[in-house]
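Analysis of the macromolecular model
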Amino acid sequence: MGKCSGRCTLVGICCLQLAAALQRQIFDFLGYQWAPILANFMHIMAVILGIFGTLHYRSRYLIMYSVWLALWVAWNAFIICFYLEVGHLSQHRDLIMNFNTSLHRSWWMENGPGCLVTPVRGPPLSLADHHMVTVTGCLLDYPYIEALSSALQIFLAVSVEETYTNISRWLPSRIL
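From a predicted model like this one, the values you see are computed outputs, not experimental measurements.

Considering the UniProt feature "transmembrane region" (unreviewed entry) in the chain
Those places that UniProt annotates as "transmembrane region" (unreviewed entry) correspond, in this numbering, to residues 34-55 and 62-86. The distance separating the terminal C-alpha atoms of residues 34-55 is 32 Å; by composition the span is 100% helix and 0% strand.

As for empty space enclosed by the protein
Summed over the entire model, instances satisfying the criterion amount to four cavities of 30 Å³ or more. The wall of the second largest cavity is formed by Arg24, Asp28, Gln33, Pro36, Ile79, Tyr83, Met97 and Glu146. If you list the elements that add at least two residues to the lining of the second largest cavity, you get α1 (6-30) and α3 (59-83). Across the lining of the second largest cavity, the residue classes break down as four nonpolar, one polar and three charged.

Quick notes on α3
An ideal rise of 1.5 Å per residue puts 36 Å on 25 residues; α3 measures up with 36 Å between its terminal C-alpha atoms. For α3, every residue scored as buried is listed here: Leu62, Tyr65, Ser66, Trp68, Leu69, Trp72, Asn76, Ile79, Ile80, Phe82 and Tyr83. Count one or two residues on from α3 and you reach Glu85, which has phi positive near 55°.

The rules we used
- Residues numbered from 1 in each chain as written.
- Predicted model: local features only at pLDDT ≥ 70, side-chain atom pairs only at ≥ 80, totals over all residues.
- Heavy atoms only, no water.
- UniProt positions renumbered as here; feature names shortened; annotations may be inferred.
- Helix = DSSP H or I, 4+ residues; strand = E, 2+ residues; numbered from the N terminus.
- 1 Å grid on protein atoms, 1.4 Å probe; cavity = no way out; pocket = protein on both sides within 12 Å on 5 of 7 lines; lining within 4 Å.
- Points joined across faces, edges and corners; volume = space filled by probe spheres on them.
- Nonpolar A, V, L, I, M, F, W, Y, C, P; charged D, E, K, R; others polar.
- Expected span 1.5 Å × (residues − 1).
- Buried < 20%, exposed > 50% of the residue type's maximum accessible area, 1.4 Å probe, protein only.

In structure tokens:
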């Protein structure tokens, strides 16, 4: 049985990264979180270019992908800090994730594992795009789900960088 080469490993991790980004994109669309939707879309495009660069020995694509991964790690670190309310960030006060266009929150807020959603009667003039609910009984609260999703993205990005660093000395000179 053959061993997977460094390129094969890099493409495999990129495919995992692509699958995780697509999953995250779907749930961000369900929650109308426009900033993460835009970031995820750019990440999906960068991963596709990274896979292409890996398969076809295109150094410019790989350099662009490496730079993007540094930005992607920073974005995901911000997401973790945002949902865990580190420092002065507050997900209840700041509407950064949806560009202040609506009061939508994370899809996981009402649809997390084990969550029981109870509608609350609000004033008759409440905003049409934000229904008032009480969420109880969640096995894992939505800030932790969002933080774990971002932590997975950081882990995959660091894995790609580590794999690329390990195989870069074995790549043909035309790629470097």
